[in-house]
Amino acid sequence: GLLFARFPRPPASILFSRSAITAPYRDGRSLQFRIANRRRSEIIQLEAQVLYTAFEIDARGNRVRRYRLLPLERNTVTFFPLSWTIVHPVDDASPLAGKSQADLTQEEAEILVLLTGVDETSEQTVHARTSYLADEIVWNARFRSVFLTPGVASRTVTVDVGRIHEIERLGPEP
């Protein structure tokens with residue numbers, strides 16, 4: 001008889017930045033975090049969903065947890081070989097509008113992140129998730145570049161995944 005064996009491939013591995021940040025964005029502010037692909041295989045049709053959850057007082061005076069989808073600057077990338085900074089612009093409609101880190105701590109707020117895509121090599125659906133609590137958000141900061149650019153003669157751009165967590169503070173919380 002013929003024996004067929006399926007050898008599992010290593011699953012896709014997405015690295016999330018340790019911290020999310022609030023950063024200047026256009027004429028306002030944004031919530032940002034970074035992700036990087038730790039494997040050689042590319043992920044295609046990668047989609048991000050980001051939710052904000054916090055305790056609020058309802059009409060009856062009860063403390064309830066609410067969930068709100070955060071609109072993103074871009075919620076999908078067709079081709080994800082290297083890294084992606086995911087950005088939620090904080091506008092007047094954002095549940096983060098006018099809030100400070102102390103507000104988020106008091107509300108026991110959490111940013112929930114779910115990624116879904118397809119591993120190009122194995123053609124399997126990839127899921128990754130994480131969350132950021134109020135004390136894991138660095139206010140008034142920006143991410144340092146993860147891209148390493150060699151000399152002018154070389155056209156190869158490399159990503160240093162180890163730098164995904166590096167941030168630079170821009171001053172005190174606004």
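Further up the page is the structure itself.
Computed from a predicted structure; not experimentally measured.

**Student:** Whenever I open this one, the overall build of the protein chain confuses me. Can you help?
**Tutor:** For the protein chain, the count of helices and strands is 1 helix and 14 strands. A total of 174 residues make up the protein chain; the buried ones form 36% of that total. Partitioning the contacts of the protein chain with sequence separation of at least 6, the portion at a separation of at least 24 is 65%. Of the roughly 11,000 Å² of accessible surface on the protein chain, 50% is carried by carbon and sulfur atoms.

**Student:** Explanation requested: unusual backbone geometry in the structure shown.
**Tutor:** Backbone phi values are negative for most residues with the exception of glycine, while trans is the configuration of most peptide bonds. Non-glycine residue Arg26 carries a positive phi angle of around 50°. Counting through the fold element by element, Arg26 comes out in the loop between strand E2 (20-25) and strand E3 (28-37). For Arg26, a relative accessible area of 71% translates into the label exposed. Phi angles above zero are rare outside glycine, and Glu108 is one such case at about 55°.

**Student:** What is the right way to look at the side chain of Ser17 in this model?
**Tutor:** Residue placement: Ser17 occurs in the loop between strand E1 (14-16) and E2. Judged by its relative accessible area of 3%, Ser17 falls in the buried class. Polar contacts involving the side chain of Ser17 include one to the main-chain carbonyl oxygen of Ser19, which spans 2.9 Å.

**Student:** Where do I start with the pairing of E3 in this structure?
**Tutor:** The side chains of a regular strand alternate, first on one face of the sheet and then on the other. Counted residue by residue, E3 has 8 buried out of 10 residues, so it is predominantly covered. Here 3 bridges tie E1 to E3, and the two strands are oriented antiparallel to one another. Opposite Leu15, over in E3, you have Ala36 as the bridge partner. Pairing geometry for E2 and E3, over 5 bridges, is antiparallel. Counterpart to Thr22 in the pairing with E3 is Leu31.

Cut-offs used in this document
- Residues numbered from 1 in each chain as written.
- Predicted model: local features only at pLDDT ≥ 70, side-chain atom pairs only at ≥ 80, totals over all residues.
- Heavy atoms only, no water.
- Helix = DSSP H or I, 4+ residues; strand = E, 2+ residues; numbered from the N terminus.
- Buried < 20%, exposed > 50% of the residue type's maximum accessible area, 1.4 Å probe, protein only.
- Contact = heavy atoms within 4.5 Å.
- Areas by Shrake-Rupley, 256 points an atom, 1.4 Å probe, with all protein chains shown as cover.
- Polar contact = N/O pair within 3.5 Å; in protein donor to acceptor, adjacent residues only side chain to side chain.
- Pairing = 2+ DSSP bridges.

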